[in-house]
Amino acid sequence: MVTGHGPVERVVRLWLPVGFFLIVALFPFYWMAVTSLKPNAELYNRNVMPLVVHHPTLKHYIDLLTQTSFLLWTWNTMVVAIVSTAISLVLGVMLAYPLARMRFAGAGLIAMTVAAIYLVPQPLLFIPLADLINRLGLGNTLSAVILTYPTMLVPFCAWLLLGYFKTVPKELEEAARIDGAGRLQTMRRIFLPLCTPGFISAGIFAFTLSQNEFLYALIFLTKSAVRTVPVGVIAELIRGDVFYWGQLMAGALLGSIPVAIIYSFFVEHYVAGLTSGSVKG
Amino acid sequence: MTIRSEPLAGIVRRRRPTASLSGWLDREAVFSWLMMAPPLLFLAALVGYPFCYGILLSLQDRPVAHAGTFVGLKNFVTNFNDPVFWRVTANTFIYTIAATLLKMVGGLALALAMNQQFPLKNPVRALLLLPFIVPTVLSTVAWMWILDPAFSVLNWFLIAVGVPKPGPSWLGNPVLAMGSIIVINTWRGLPFYGITLLAGLQTVPPELYEAATIDGASAWQRFRFVTLPLLQPITLIVTLFSVIFTFADFQLVYVLTHGGPQNATQLFATYAFDIAMGAGQLGHGASIALAMFPALALLILALTIYMRRG
């Protein structure tokens, strides 16, 4: 940790670079907000200074909420994200607990396999999965994505929880075992309640990953009524070559808000999970 | 001897495996495999099976909604003779390498800038991570508007500083389009690098810097011989993660350019999507997606071995 001495040096070493990164990181969001509040006459007039809103209007938000299925997409996105996160946490624990606590032949191999599956990107599997989902008759149902999102979330949760579980001391479990508790009982009553921070971390990541997923949702959900926000915005607010920029920006901003809120509440958990070196980038 | 054997015998008897069903269930291996069976079966059904089925598909001529016919390696031969396929291969490598280098250098700069004491440090860190957590598709839509051919705010700036109207066509020119997707991918991934490397920097013991300073090391030498070597492990993990998911990137390109203009930004994932979902050739599409596999397998193997939790 080297700190600058004079105020000039401090500006050059600290505020210039940090300010630059902040402006670059946040400008697109500022631009979303500004665009979504401009009336069309201002939006498509090249002679008006574009960086501020001269005549703010909520028209694009009202149109988005009344003329499109945006609220329904938001609902779908939430249902899918919550259910697939819950499934993934449960299945993730079932993988991570034995790997973290038990000694059995093949444990190392299973841990490696889980890590490898976690790293498989969706584009490698989407074509056979599309065929499989069609044959199961799940096309255009939320079940299609609720079933497929855990393919990436289960290995992810298992991996993150495995790292967390190993940091929890074993003494309480050993004491419970000596008192005659069965393994399942020890895990459920003694061990899992100690791991709440790990569940919050894994849960937030799984939730944001499901909100972010696009490829499977694009392929499996082609009817407006079952779409998630990212797919709905891309497929229905861009009609042919016509772009409804005001609505698009309003949708992009509103669609980002749930993730941003969850993130702002748990930012420390998020950063902790991020820096444990087990998160996709 | 006799005094000790009594309690020991008791323990052995209690642990005897076949004594009862509950005793059997209590064995570590039995408990573990029973517990892991549901998630493992789930992954086998929805990752293992599709992967094998994808290989089978790639060996078939399989129009959507029709039965497939086995054609051997025909799809792979078609790819080999397809100039677009080689363009896609080159694009994917250029995109991955350029974006990864930018993220690495920019992320290190961000981490070094943030590794100082200043007021509001935590809120600043939270804001810097926003590009990484906001759904990619939604932020890409904002970039699309920033680079719009007619109303680009970027060109408004450029024209204001004297660039002739109408300014560059960011997504219409093949080179600029590739540059644009590289920069946007960097924009999204850089905070992840920066914050992870920052955490790495904070684990460097201050004594090392003090010792180096006492030995007469300059600021650059402290960075080169203390900071960089200690950051190397975390950098390697972050880079492998980033390379894997940049290499197989889909959403950014699909939304921003659809692979255009004239396939200038087409990547493996978007090309496979076009062939399989657009043209309805599932078999051919699967063969393009599988073309990613050798490189991905090497990367995944490397990272899996590196981050093994023993």
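Residues numbered from 1 in each chain as written. Chains lettered and ligands numbered in written order. Predicted model: local features only at pLDDT ≥ 70, side-chain atom pairs only at ≥ 80, totals over all residues. Heavy atoms only, no water.

What follows concerns the overall build of chain A. Scanning chain A from terminus to terminus reveals 14 helices and two strands. A compact globule built from 281 residues would reach a C-alpha radius of gyration of about 19 Å, whereas chain A, at 23 Å, exceeds it by more than 25%. The principal-axis extents of the C-alpha atoms in chain A amount to approximately 80 × 65 × 30 Å. Looking at the 281 residues of chain A, the share that counts as buried comes to 56%. The long-range share in chain A, meaning contacts at least 24 apart out of those at least 6 apart in sequence, stands at 73%. Here chain A displays about 11700 Å² of accessible surface, and carbon together with sulfur accounts for 68% of that area. (Helix = DSSP H or I, 4+ residues; strand = E, 2+ residues; numbered from the N terminus. Rg over C-alpha atoms; globule rule 2.2 N^0.38 Å. Buried < 20%, exposed > 50% of the residue type's maximum accessible area, 1.4 Å probe, protein only. Contact = heavy atoms within 4.5 Å. Areas by Shrake-Rupley, 256 points an atom, 1.4 Å probe, with all protein chains shown as cover.)

Another aspect to go through is the confidence of the model for chain B. All names here are of chain B. Averaged over all residues, the pLDDT of chain B equals 87, while 93% of them reach at least 70. Averaged pLDDT values over the elements of chain B bottom out at 47 in helix H1 (residues 2–15) and peak at 95 in helix H5 (residues 83–114). The model gives residues 1–13 a pLDDT under 50, and that stretch makes zero contacts with residues more than four places away or in other chains. Overall fold confidence for the complex sits at a pTM of 0.88, while the interface term, ipTM, reaches 0.89. (pLDDT = per-residue confidence, 0-100.)

Core analysis: the biggest nonpolar cluster contains 181 residues, and Leu119, Phe165, Phe214 and Phe220 of chain A together with Met307 of chain B have the highest contact counts within it. Residues in contact with Phe220 of chain A, not counting those within four places in the same chain, are Leu129, Ala130, Ile133, Gly139, Asn140, Ala144, Val145 and Thr148 of chain A. (Core = buried A, V, L, I, M, F, W, Y, C linked by side-chain atoms within 4.5 Å.)

Attention now moves to the interface of chain A and chain B. Each partner contributes residues to the interface: chain A has 105 residues there, and chain B has 103 residues. Taken over both partners, the interface formed by chain A and chain B buries close to 9500 Å², and the fraction arising from carbon and sulfur atoms is 78%. Summed over the shared surface of chain A and chain B, the result is two salt bridges. One salt bridge in this structure joins Arg177 of chain A and Asp26 of chain B, with 2.8 Å as the shortest N-O distance. If you look at where chain A meets chain B, you find 13 residue pairs in polar contact (both at pLDDT 80 or more). Looking at the side of chain A that touches chain B, the element that brings in the most residues is helix H1 (residues 7–36) of chain A, giving 17 residues. For the side of chain A that touches chain B, the residue count by class is 79 nonpolar, 14 polar and twelve charged. (Buried area = accessible area lost by both parts, 1.4 Å probe. Salt bridge = Lys/Arg side-chain N within 4 Å of Asp/Glu carboxyl O. Polar contact = N/O pair within 3.5 Å; in protein donor to acceptor, adjacent residues only side chain to side chain. Nonpolar A, V, L, I, M, F, W, Y, C, P; charged D, E, K, R; others polar.)

Further remarks concern the environment of Pro261 of chain B. All names here are of chain B. In this fold, Pro261 is placed in the loop between helix H13 (251–256) and helix H14 (268–278). A relative accessible area of 14% places Pro261 in the buried class. Along the chain, Pro261 and Asn173 lie 88 residues apart, while their C-alpha atoms are 6.9 Å from each other. Excluding its chain neighbours within four sequence positions, the residues that come into contact with Pro261 are Leu171, Gly172, Asn173, Pro174 and Ala177.

The subject of this paragraph is the packing of aromatic side chains. Residues and elements named next belong to chain B. Inspection of the entire model under this criterion finds 36 aromatic pairs over all chains. Taking 5.5 Å as the distance between ring centres and 75 degrees as the angle between the ring planes, the aromatic pair formed by Trp143 and Trp187 counts as edge-to-face. Remark: Trp187 occurs in helix H10 (residues 174–202) and Trp143 occurs in helix H8 (residues 136–146); sequence separation between them is 44 residues. Taking the relative accessible area as the measure of exposure, Trp187 reaches 7% and is therefore buried. (Phe/Tyr/Trp six-rings, centres within 6.5 Å; stacked < 30°, edge-to-face > 60°.)

What follows concerns a nonpolar patch on the surface. Together, Val8, Val11, Val12, Trp15 and Leu16 of chain A make up a nonpolar patch on the protein surface, roughly 480 Å² of accessible area in all. Along the chain, Leu16 of chain A turns up in helix H1. (Patch = residues over 30% accessible without salt bridge, like charges linked within 9 Å, V, L, I, M, F, W, Y side chains within 5 Å.)

This next bit is on the side chain of Thr304 of chain B. With respect to the helices and strands, Thr304 of chain B occurs in helix H16 (residues 293–306). Within polar-contact distance, the side chain of Thr304 of chain B engages the backbone oxygen of Ile300 of chain B at 2.4 Å. Not counting residues within four places of it along the chain, the set of residues in contact with Thr304 of chain B comprises Met112, Ala115, Ala116 and Leu119 of chain A.

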